[in-house]
Amino acid sequence: MKFTPELEFEGGKVRPLTLDDLDHLWNIYQQPELPGQSKPKEKEQLARLVDYSIKMAATQRGMMWLLEVDGQVLGMVNVYDWQASLLRLTMRVDGLPELSIKHRQAALSACMDFLAKKYHTRNFAYQWIDGQKEEIKTMLTNLGFELRATLRDAWRVGNSGFANIEQYHLLNNQEKPKAGRLGEFDNPAQNINKDVPTETQKETK
Amino acid sequence: MNWNFIAGDYLLRLPVADSDRTILQTLLQVPEVSAHIPRLPMYFEAQVDDEFRQMVQRFDAREAAFWMVENSEDKLVARISIQHINWLQRSAYIQWELSDEIDLDGLSVVVSAIKDFCFKNLGLHRLEMRLRPDFQRHIQLLEALGFEYEGCLPEQLEFQNENIDLAVWSVLAK
């Protein structure tokens, strides 16, 4: 069963990790974007990451996509701290130096659209760590994120250093699903006899 | 490591399941005590049982620690905890539930001892408190205790049909 879908965006796509991607992951993790992030010593360690990505998605704790542009793997989109019941999660895009901000933004946007539709996610957080590219913050603003808090020394760098985390949030306008009895709020709930208009039917109305 | 210690006139000790049920419920059944977190008051025995189970499991997992704070008359005046301990990032959340019988002077002594314990004994670097932003008493206490305001995170949870924002305050090891 697949829990992480392949999603297309202009110029590329995001797709789930597989055990055939160990070389790609190795390449990404040898050029870490996050301040203080250590490099794995053996490629086989990354097989655990693939396994982890499947388990995280299956249990709605996180999701990982590989980010491809023109057939080249240039990064990853990560979902973590996923509070599915609270309709919120945190995201980050980790990319190689050649990943453009345009593709980074498009990939992030595609993943957010999916999460909003599939899981009704309303509250998206993004943590920018002091030392990362400044243009990432511009990208977040372009997408509608707002800086809500600067967490001092919340990111550990090496054995004794720390960096600030700037936490951005985007609240989408999607209405929260309302809890109710069967048929209330025009919610089909588990009523399989109730017609649910398809996207095409909605558009033609 | 000894997790129980004395701070001025106060004893900070880990809870004991058999004997602390009633006194903890007496503190936590007052709605104002947990409203800043926010959390439902503890009205029923089943809630107390669940709370003790969670305190024990989370302490065993070294993910949290809960201290019962008693004054010189052996009366429970607060429960203070550290939670979400992140040993990698060397940070934790601190949370307090206070009775009216502990004032700023008393809390200063107690929180100072907890900070010392966390920063020196546990090797943590950052303690942060997340709470509803509109609780002036707690904000005044945080400011007086040297915590700094870092911002307010929107819609962190839903409580009684209301989306709850949480303000973040923190104190760092020097």
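Up top is the structure these notes are about.
Residues numbered from 1 in each chain as written. Chains lettered and ligands numbered in written order. Predicted model: local features only at pLDDT ≥ 70, side-chain atom pairs only at ≥ 80, totals over all residues.

Across its full length, chain B holds five helices and eight strands. The helix and strand sequence of chain B, counted from the amino end, reads β-β-α-α-α-β-β-β-α-β-α-β-β. If one aligns the C-alpha atoms of chain B with their principal axes, the spans along those axes are about 40 × 40 × 30 Å. The proportion of buried residues among the 174 residues of chain B is 33%. (Helix = DSSP H or I, 4+ residues; strand = E, 2+ residues; numbered from the N terminus. Buried ≥ 20, exposed ≤ 12 C-beta atoms within 10 Å, placed from the backbone.)

What follows covers helix H3 (residues 101–119) of chain A. Since there are 3.6 residues in each turn of an α-helix, residues three or four apart along the chain are aligned in direction. Residue and element names in this part refer to chain A. A rise of 1.5 Å per residue sets the reference length of H3, with its 19 residues, at 27 Å; its end C-alpha atoms lie 26 Å apart and thus fit the reference within 8%. Buried residues of H3: His103, Arg104, Ala106, Ala107, Leu108, Ala110, Cys111, Met112 and Leu115, and no others. Of the residues trailing H3, His120 is marked for its positive phi of about 60 degrees. (Expected span 1.5 Å × (residues − 1).)

Here the focus is the nonpolar core. Residues and elements named next belong to chain A. If you look at the biggest cluster of nonpolar residues, it comprises 85 residues, and the most contacted ones within it are Trp65, Val77, Ala107 and Cys111. With seven residues, H3 is the largest single contributor of residues to this core. Residues in contact with Ala107, not counting those within four places in the same chain, are Phe9, Gly12, Val14, Leu67, Val77 and Val93. (Core = buried A, V, L, I, M, F, W, Y, C linked by C-beta atoms within 7 Å. Contact = placed C-beta atoms within 7 Å.)

Residues and elements named next belong to chain B. A cis geometry characterises the amide bond from Ile37 onward to Pro38, with omega recorded as -10 degrees. Note that Pro38 resides in the loop between helix H2 (31–34) and helix H3 (45–60). In this structure, Arg90 is a non-glycine residue whose phi angle is positive, near 60 degrees. Considering the arrangement of structural elements, one finds Arg90 in the loop between strand S4 (76–86) and strand S5 (91–98). Here the phi dihedral of Glu155 falls at roughly 45 degrees; this positive angle occurs in a residue that is not glycine.

All names here are of chain A. Taken together, the seven bridges between strand S6 (residues 123–129) and strand S8 (residues 161–171) define a ladder with antiparallel strand orientation. Its bridge partner being in S8, Tyr126 is matched across the sheet by Tyr168. The sheet contact formed by strand S7 (residues 146–157) and S8 spans eight bridges and is antiparallel. Opposite Leu147, over in S8, you have Tyr168 as the bridge partner. Here S7 hands over to S8 after three residues, with Gly158 in that stretch at a positive phi of 70 degrees. (Pairing = 2+ DSSP bridges.)

Attention now goes to the packing of helix H1 (residues 22–29) of chain A against helix H2 (residues 45–58) of chain A. Residue and element names in this part refer to chain A. In the contact formed by H1 and H2, the axes pass within 10 Å of each other and the chain directions differ by 105 degrees. In this view, H1 runs roughly perpendicular relative to H2, as classed from their interaxial angle. Here Leu22, Leu25, Trp26 and Tyr29 of H1 lie close against H2, whose contacting residues are Leu46, Ala47 and Leu49. Broken down by class, the residue content of the contact of H1 with H2 amounts to seven nonpolar, no polar and no charged. (Axes fitted to C-alpha atoms, helices over the stretch in contact; angles between N-to-C directions. Parallel < 35°, antiparallel > 145°, perpendicular 65-115°, else oblique. Nonpolar A, V, L, I, M, F, W, Y, C, P; charged D, E, K, R; others polar.)

Residues and elements named next belong to chain A. Taking 1.5 Å as the rise per residue, H2 with 14 residues should run 20 Å; its terminal C-alpha atoms sit 21 Å apart, in good agreement. If you check which residues of H2 are buried, you get Leu46, Ser53 and Ala57. One face of H2 carries all of its buried residues, which in axial projection span an arc of 30 degrees. Exposed positions of H2 whose direction lies more than 90 degrees from the buried face are Arg48, Asp51 and Lys55. If you follow the buried residues of H2, they end up packed against H1 and strand S3 (63–69). Backbone geometry just after H2 places Gln60 at a positive phi near 50 degrees. (Arc of directions from axis to C-beta.)

As a further point, take the interface of chain B and chain A. With 17 residues of chain B at the interface, the matching set in chain A holds 16 residues. Elements supplying a minimum of two residues to the side of chain B that touches chain A: strand S7 (148–159) and strand S8 (162–172) of chain B. When residues of the side of chain B that touches chain A are assigned to their parent elements, the largest contribution, eight residues, is made by S7(B). Each residue belonging to the side of chain B that touches chain A can be placed in one class, and the counts come to seven nonpolar, five polar and five charged.

Put simply, side chains in a regular strand alternate between the two faces of the sheet. Residue and element names in this part refer to chain A. Sheet analysis places S3 next to strand S4 (residues 72–83), joined by seven bridges and oriented antiparallel. By the bridge assignment for S4, Met63 is matched with Val79. The hairpin turn running from S3 into S4, its antiparallel successor, is two residues long, and Asp70 in that turn takes a positive phi close to 50 degrees. Hairpin connection of S4 to strand S5 (residues 88–95): four residues between the antiparallel strands, including Leu87 at a positive phi of 60 degrees.

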